[in-house]
Amino acid sequence: MARKLYIKTYGCQMNVYDSARMADVLAPLGYAKTDSPDDADMVILNTCHIREKAAEKVFSELGHWRKRKEAGADLTIAVAGCVAQAEGEEILNRAPFVDMVVGPQAYHRLPELLARAQRKRDAGREGNPQKNTTQKGPMQKGPMQKGPMQKGLGVLDTAFPPESKFDHLPEALANPPGPVGFLAIQEGCDKFCTFCVVPYTRGAEYSRPAAAIIAEAERLLESGASEIALLGQNVNAYHGEGPDGQTWSLARLLRALSDRFDGKYPGLRWRYTTSHPREMDADLIAVHGDLPSLMPFLHLPVQAGSDAVLKAMNRGHDADLFHRIVADLRAKRPDIALSSDFIVGFPGESDKDFEATMALVRAVGFAQAYSFKYSARPGTPAALLPNQVSEAVKDARLQALLALLREQQLAFNAGMQGRVLDVLIDRVGHKQNRPGQMLGRSPYMQSVVLEHPGLEIGMRVAVQITAGYLTSLAGNVVGTPILPLNREAA
Ligand code: SAM
Ligand code: SF4
């Protein structure tokens with residue numbers, strides 16, 4: 001009988017990709033994905049460690065699943081992702097009812113881990129008749145806390161080399177990707193920004209060979225994707241081995257993918273995320289002008305506008321380089337929509353430094369952006385800096401930055417009024433009382449709300465935009481909705 005797998009994914013698109021791969025790895029063992037946590041025989045929490053109190057949030061979520069086990073559910077609980085990598089054994093110590101802790105580089109070993117966890121549980125039950133899967137005892141004493149505890153029966157795998165993960169992930173896509181296919185081409189980071197945990201949780205930069213990426217793109221397209229997002233923590237640092245034995249850059253890879261697939265899949269669109277300004281070379285910028293299938297959208301985190309802060313962050317670029325990249329990109333692709341990440345209140349950030357961030361935002365003009373208050377991440381160099389900024393100052397700066405960014409986003413969206421955009425339908429609308437409502441994405445990554453009979457997920461439609469709001473566009477379908485050719489094969 002099929003067993004149900006529920007995956008809760010936190011954080012970045014790389015985690016979304018990893019979750020899909022974990023489901024593919026477990027499919028041959030009879031696990032089918034479910035969207036309903038109540039049906040689950042196995043739950044995987046695919047965690048993110050970027051934000052403050054990430055581990056505490058995971059332990060609090062685990063409390064919910066512990067209750068289900070205590071109520072007698074035959075449930076396998078796995079913690080994956082960057083919190084699993086960072087906390088490791090601590091999770092098994094504090095939450096002994098967890099069956100598996102698996103780091104981001106070990107997902108291909110999930111079947112083996114599952115078998116080992118099962119064996120350990122069986123042996124534990126035999127060796128200790130009082131013990132059962134609910135693991136009462138330490139957990140009855142109250143919240144999960146540090147301190148002496150009965151050792152759990154879970155298994156741990158946080159070994160590191162990423163190449164083995166990609167070498168051993170299954171070729172077949174057990175789960176169709178939907179209209180947008182996520183494709184990891186690069187993983188890890190060697191940049192060591194002083195605020196960031198990623199180099200510690202995801203390990204060193206690794207680029208997959210181009211042939212493996214091309215093959216995976218083909219599988220995604222054959223399975224029904226009509227937009228492909230190339231992913232990596234530092235995606236534009238890609239330097240993988242090409243089929244010709246040379247080292248390929250991201251620019252070269254994009255040109256090869258476009259050459260190979262654009263003709264066969266009309267309307268296909270490409271994008272890539274997340275990029276680093278240091279790696280935006282002239283060839284990659286040129287690709288934005290050369291390839292019509294590359295979406296006119298780029299997420300390029302700058303973090304701050306002050307050179308002193310950028311230096312303290314170890315970003316390896318200054319504000320001027322960012323401005324030059326933006327000017328070059330706009331020269332090649334004048335309509336490109338820019339997105340970014342900002343951190344306010346980095347240690348030592350003065351009012352003048354923050355004003356430099358505001359000035360950069362005013363000068364560039366962003367279509368959308370993410371802003372965060374700096375949060376000290378244990379183990380990162382910035383956490384040890386003496387001149388931490390107060391919460392009150394961080395709050396005030398965040399509000400000022402958000403207000404400016406919202407103004408720009410609204411202006412960008414409102415400027416779409418009257419234009420006809422190619423929209424890919426990718427979700428059902430939220431409005432319960434409007435059953436026909438569907439949501440799609442424009443080439444600039446805006447949400448487009450549509451009410452039109454006969455629309456289906458995966459369709460492409462030309463939409464005349466009637467209004468632009470802060471987070472979405474409204475419009476009317478003009479012309480006939482098209483199901484992509486590859487849907488036939490889905
Ligand atoms: N690799 C990307 C880059 O270089 O910009 C982004 C990586 S991170 C997953 C996404 C964003 O989280 C970062 O761009 C940064 O703005 C934010 N972030 C990371 N660490 C943070 C911290 N300690 N405090 C606040 N924001 C943080
Ligand atoms: Fe983190 Fe910096 Fe690497 Fe991005 S480039 S993942 S922010 S260390």
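This section reports on the structure supplied with the text. Everything numeric in this text was worked out from a predicted model, so none of it was measured.

With respect to the packing of aromatic side chains
- Taken as a whole and judged by the stated rule, the model has eight aromatic pairs.
- Ring geometry for F192 and Y200: centres 5.6 Å apart, planes at 75 degrees, overall edge-to-face.
- Given a relative accessible area of 37%, Y200 falls into the partly exposed group.
- Between F412 and Y444, the aromatic rings sit 6.0 Å apart at their centres with planes inclined by 80 degrees, giving edge-to-face as the arrangement.

Remarks on the site of ligand 1
- Neighbouring ligand 1 are 16 residues; F195, Q233, Q303, D341 and S375 lie closest to it.
- In the environment of ligand 1, a nitrogen atom lies 3.0 Å from a nitrogen or oxygen atom belonging to the backbone of F195.
- In this structure, S375 approaches ligand 1 through a main-chain N or O atom, which is 2.8 Å from a nitrogen atom.
- Computed on the free molecule, ligand 1 has an accessible area of 560 Å², of which 90% lies beneath the protein chains in the complex.
- Secondary structure elements with two or more residues in the shell around ligand 1: β15 (337–344) and β16 (368–373).
- For the shell around ligand 1, the class distribution of residues is six nonpolar, five polar and five charged.

Quick word on the site of ligand 2
- Taken together, the neighbourhood of ligand 2 is formed by C189, K191, F192, C193, F195, C196, V198, P199, N234, H276 and R315.
- Looking at the shell around ligand 2, its residues break down into seven nonpolar, two polar and two charged.

Quick look at the packing of helix α12 (residues 319–332) against helix α13 (residues 351–364)
- Contact pair α12 / α13: the axes reach a minimum separation of 11 Å and the direction vectors enclose 10 degrees. With respect to α13, the axis of α12 lies roughly parallel. Here α12 contributes A319, F322, H323, V326 and R330 to the contact with α13, which in turn contributes L360, A363 and V364.
- In terms of residue class, the contact of α12 with α13 is made up of six nonpolar, one polar and one charged.

Considerations on helix α10 (residues 282–290)
- Taken together, the buried positions of α10 are L284, I285, A286, V287 and H288.
- In this structure, the buried residues of α10 make contact with α9 (250–261), β13 (269–273), β14 (297–299) and α12.

Remarks on the layout of surface pockets
- Within this model, the second largest pocket holds a volume of roughly 290 Å³.
- Lining the second largest pocket are 17 residues, and of these H49, A55, E87, R377 and P378 lie nearest its centre.
- Sorting the residues of the lining of the second largest pocket by element identifies α2 (54–70), α3 (81–87) and α7 (198–201) as the ones contributing at least two each.
- Looking at the lining of the second largest pocket, the element that brings in the most residues is α2, giving four residues.
- Grouping the amino acids of the lining of the second largest pocket by side-chain chemistry returns seven nonpolar, three polar and seven charged.

Here's the deal with the sheet that holds strand β6 (residues 155–157)
- Taking strand neighbours across the sheet as the criterion, the six strands line up as β2-β1-β3-β4-β5-β6 in an open arrangement whose pairing is parallel. Pairing within the sheet leaves two strands with one partner each, and these edge strands are β2 (31–33) and β6. The average undirected angle you get between the axes of adjacent strands in this sheet is 20 degrees.
- Pairing of strand β1 (residues 3–9) with β2 involves three bridges; the strand directions are parallel. When the sheet's bridge partners are listed, R3 is paired in β2 with Y31.
- Where α2 meets the sheet, it contacts β1, β3 (42–47) and β4 (76–80), and its direction lies at approximately 175 degrees from that of β3.

What counts, and at which threshold
- Note that residues are indexed from 1 along each chain, following the sequence as it is written.
- Written order decides the labels, with chains lettered from A and ligands numbered from 1.
- Totals for whole chains, interfaces and linings use all residues, but because this is a predicted model, local features are given only for residues with pLDDT of at least 70 and pairs of side-chain atoms are given and counted only at 80 or more.
- Working from all heavy atoms in the structure, the side-chain values ignore hydrogens and water.
- For Phe, Tyr and Trp, where Trp contributes only its six-membered ring, two rings pair if their centres lie within 6.5 Å, and the inter-plane angle classes them as stacked under 30 degrees, edge-to-face over 60, or tilted in between.
- Each residue gets one of three labels from its accessible area relative to the maximum for its type: buried under 20%, exposed over 50%, partly exposed in between, using a 1.4 Å probe on protein chains only.
- One heavy atom within 4 Å of a molecule or strand is enough for the residue carrying it to be called near that molecule or strand.
- Each polar contact in these results corresponds to two N or O atoms within 3.5 Å; when the atoms are within protein, one needs to be able to donate a hydrogen and the other to accept it, and residues that are neighboring in sequence are counted only if both atoms are side-chain atoms.
- Exposure was quantified through the Shrake-Rupley algorithm and a 1.4 Å probe, taking into account, for residues, occlusion by the shown protein chains and nothing else.
- Per the convention used, a helix needs a DSSP run of H or I reaching at least four residues, while a strand needs a run of E reaching at least two, with both numbered from the N terminus.
- Three residue categories are used. Nonpolar comprises Ala, Val, Leu, Ile, Met, Phe, Trp, Tyr, Cys and Pro, charged comprises Asp, Glu, Lys and Arg, and polar comprises the others, including Gly.
- Between N-to-C directions, angles span 0 to 180 degrees; the directions come from axes that are lines fitted to C-alpha atoms, helices contributing only their stretch in contact.
- The labels follow the angle: roughly parallel below 35 degrees, roughly antiparallel above 145, roughly perpendicular from 65 to 115, and oblique for the rest.
- Should any heavy atoms of two residues lie within 4.5 Å, those residues are considered in contact.
- Put simply, the grid is 1 Å and covers the protein atoms alone, a cavity is a trapped set of points that fit a 1.4 Å probe, a pocket is an open set with protein on both sides within 12 Å along at least five of seven lines, and lining residues have an atom within 4 Å of a point.
- Grid points are joined across faces, edges and corners, and a volume is the space filled by probe spheres set on the points.
- At least two bridges found by DSSP between two strands are what make those strands a pair.

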